[in-house]
Amino acid sequence: MSGRSISPVSLRIAALGLLAQHPGSGYDLLKRFDQSMANVWPATQSQLYGELNKLADAGLIEVSDIGPRGRKEYRVTKAGRAELVRWINNPQDDPPSRRPDLLRVFLLPDAPAEDARKYVAAFADRARDDLKRYEHVRDSVEWRDDDTDFFGRAALEYGLHYAAMEARWARWLLTAIDERPENNLGPMVASR
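Here the structure is a predicted model, which is why all the values come from computation and not from measurement.

A.B. asks: Whenever I open this one, the environment of leucine 108 confuses me. Can you help?
C.D. replies: Structurally, leucine 108 can be placed in the loop between α5 (100-106) and α6 (113-140). The exposure class assigned to leucine 108 is buried, which follows from its relative accessible area of 10%. For leucine 108 and tyrosine 119, which are 11 residues apart along the polypeptide, the C-alpha to C-alpha distance reads 8.7 Å.

Printed below as a string of structure tokens:
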């Protein structure tokens with residue numbers, strides 16, 4: 001799940017959704033992204049602040065308070081909440097899912113055998129690291145009994161299951177590569 005590109009619409013909706021759950025400043029929002037949504041939609045400070053400006057320009061959020069040193073706190077407007085609900089109810093509008101990492105697997109026969117194995121090993125390592133990171137989040141958060149934490153935990157559980165599946169699959173593929181007879185490797189053994 002990590003390392004995937006962020007579509008502007010998804011970052012927009014993620015920021016809008018977090019502000020709908022709890023108003024806050026750009027700094028507050030960035031911290032909440034890092035603690036929760038970074039596993040789903042990572043965001044940099046510049047991306048997030050840029051999106052806040054676009055959301056404000058579109059009338060979907062507004063400044064609710066200005067604190068010391070010009071710190072702006074944002075909240076979702078009625079139009080913003082309506083846009084969030086509209087987006088939630090229209091999954092058919094989502095862009096098609098693309099997996100460049102699996103496209104690489106499909107094209108591995110065109111790589112030298114040692115490069116193919118190295119790629120799959122790196123995939124397995126990344127999946128294992130993702131799983132450890134999700135487990136750390138799960139174990140370090142004090143989960144409250146409210147809707148925000150319930151559904152946040154549900155999204156995290158998806159990440160846990162997904163990373164575990166990817167790690168199992170990559171280990172299986174590594175074993176399968178290692179067990180293939182050399183004469184079945186086809187063009188993978190040819191140097192390019």
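Now that the structure is up, let's keep going.
A.B. asks: Is there a simple way to explain the nonpolar core in this structure?
C.D. replies: Where a protein is soluble and globular, its nonpolar side chains tend to be buried together. Leu16, Leu19, Leu29, Phe33 and Ile61 are the most contacted members of the largest nonpolar core, which has 20 residues in total. Of all elements in the fold, only α1 (8-21), α2 (26-35), α3 (45-57) and β3 (72-76) reach the threshold of two or more residues within this core. Top element by residues in this core is α1. It accounts for 8 residues. Counting residues in hydrophobic clusters, the runner-up holds 10 residues, among them Leu108, Ala116, Ala170 and Leu174.

A.B. asks: Can you walk me through the packing of aromatic side chains in this structure?
C.D. replies: Within a pair of aromatic rings, the relevant descriptors are the distance that separates the centres and the angle that separates the planes. Within the structure shown, the criterion is met by 4 aromatic pairs. Seen in terms of ring centroids, phenylalanine 123 and tryptophan 169 are 5.1 Å apart; in terms of plane orientation they differ by 70 degrees. Their pairing is edge-to-face. In this pair, phenylalanine 123 sits in helix α6 while tryptophan 169 sits in helix α7 (residues 147-179), placing the two residues 46 residues apart along the sequence. Given the relative accessible area of 4%, phenylalanine 123 is considered buried. Ring plane angle 90 degrees and centroid distance 4.8 Å describe the contact between phenylalanine 150 and phenylalanine 151, whose orientation is recorded as edge-to-face. Exposure class is identical for phenylalanine 150 and phenylalanine 151. Each is exposed.

A.B. asks: Even after reading the chapter, I still don't get the pattern of salt bridges, so can you show me in this structure?
C.D. replies: As a working rule, side chains carrying opposite charge can pair if their charged atoms are close by. One pass over the full model with this rule turns up 17 salt bridges. The salt bridge partner of arginine 86 is glutamate 83, with a shortest N-O separation of 3.0 Å. Placement of both arginine 86 and glutamate 83 in helix α4 (residues 78-88) is noted, with a separation of 3 residues, approximately one turn of the helix. Residue aspartate 146 is joined to arginine 144 by a salt bridge in which the shortest nitrogen-to-oxygen separation is 3.0 Å.

A.B. asks: Just to check I follow, could you spell out the packing of α2 against α3 for this structure?
C.D. replies: Their axes nearest at 10 Å, the elements α2 and α3 cross at an angle of 125 degrees. Overall, the two elements α2 and α3 adopt an arrangement that is oblique. Considering only the axes of α2 and α3, their crossing is right-handed. Across from Gly26, Tyr27, Leu29, Leu30 and Phe33 in α2, the residues of α3 making contact are Gln45, Leu48, Tyr49 and Leu52. Within the contact of α2 with α3, the residues separate by chemical class into 7 nonpolar, 2 polar and no charged.

A.B. asks: How should the environment of glycine 17 be read in this particular structure?
C.D. replies: With respect to the element layout, glycine 17 can be found in helix α1. Residues glycine 17 and glutamate 83 lie 66 residues apart in sequence; the distance between their C-alpha atoms is 9.9 Å.

A.B. asks: Mind showing me how you'd approach unusual backbone geometry here?
C.D. replies: Positive phi outside glycine occurs at arginine 69, with the angle close to 60 degrees. On the secondary structure map, arginine 69 appears in the loop between β2 (61-66) and β3. Using a relative accessible area of 86% as the deciding quantity, one classes arginine 69 as exposed.

A.B. asks: Explanation requested: the sheet that holds strand β1 (residues 24-25) in the structure shown.
C.D. replies: Sheet strands pair by backbone hydrogen bonding; their relative direction is either parallel or antiparallel. Spatially, the 3 strands line up as an open sheet ordered β1-β3-β2, and their pairing is antiparallel. Every interior strand has two partners, whereas the edge strands, β1 and β2, have only one. With 2 bridges connecting them, β1 and β3 associate as antiparallel partners. Across the sheet, the residue bridging to glycine 24 is tyrosine 74, located in β3.

Conventions and cut-offs
Residues numbered from 1 in each chain as written. Predicted model: local features only at pLDDT ≥ 70, side-chain atom pairs only at ≥ 80, totals over all residues. Heavy atoms only, no water. Helix = DSSP H or I, 4+ residues; strand = E, 2+ residues; numbered from the N terminus. Buried < 20%, exposed > 50% of the residue type's maximum accessible area, 1.4 Å probe, protein only. Core = buried A, V, L, I, M, F, W, Y, C linked by side-chain atoms within 4.5 Å. Phe/Tyr/Trp six-rings, centres within 6.5 Å; stacked < 30°, edge-to-face > 60°. Salt bridge = Lys/Arg side-chain N within 4 Å of Asp/Glu carboxyl O. Axes fitted to C-alpha atoms, helices over the stretch in contact; angles between N-to-C directions. Parallel < 35°, antiparallel > 145°, perpendicular 65-115°, else oblique. Left-handed = near helix turned anticlockwise from the far one by under 90°. Contact = heavy atoms within 4.5 Å. Nonpolar A, V, L, I, M, F, W, Y, C, P; charged D, E, K, R; others polar. Pairing = 2+ DSSP bridges.

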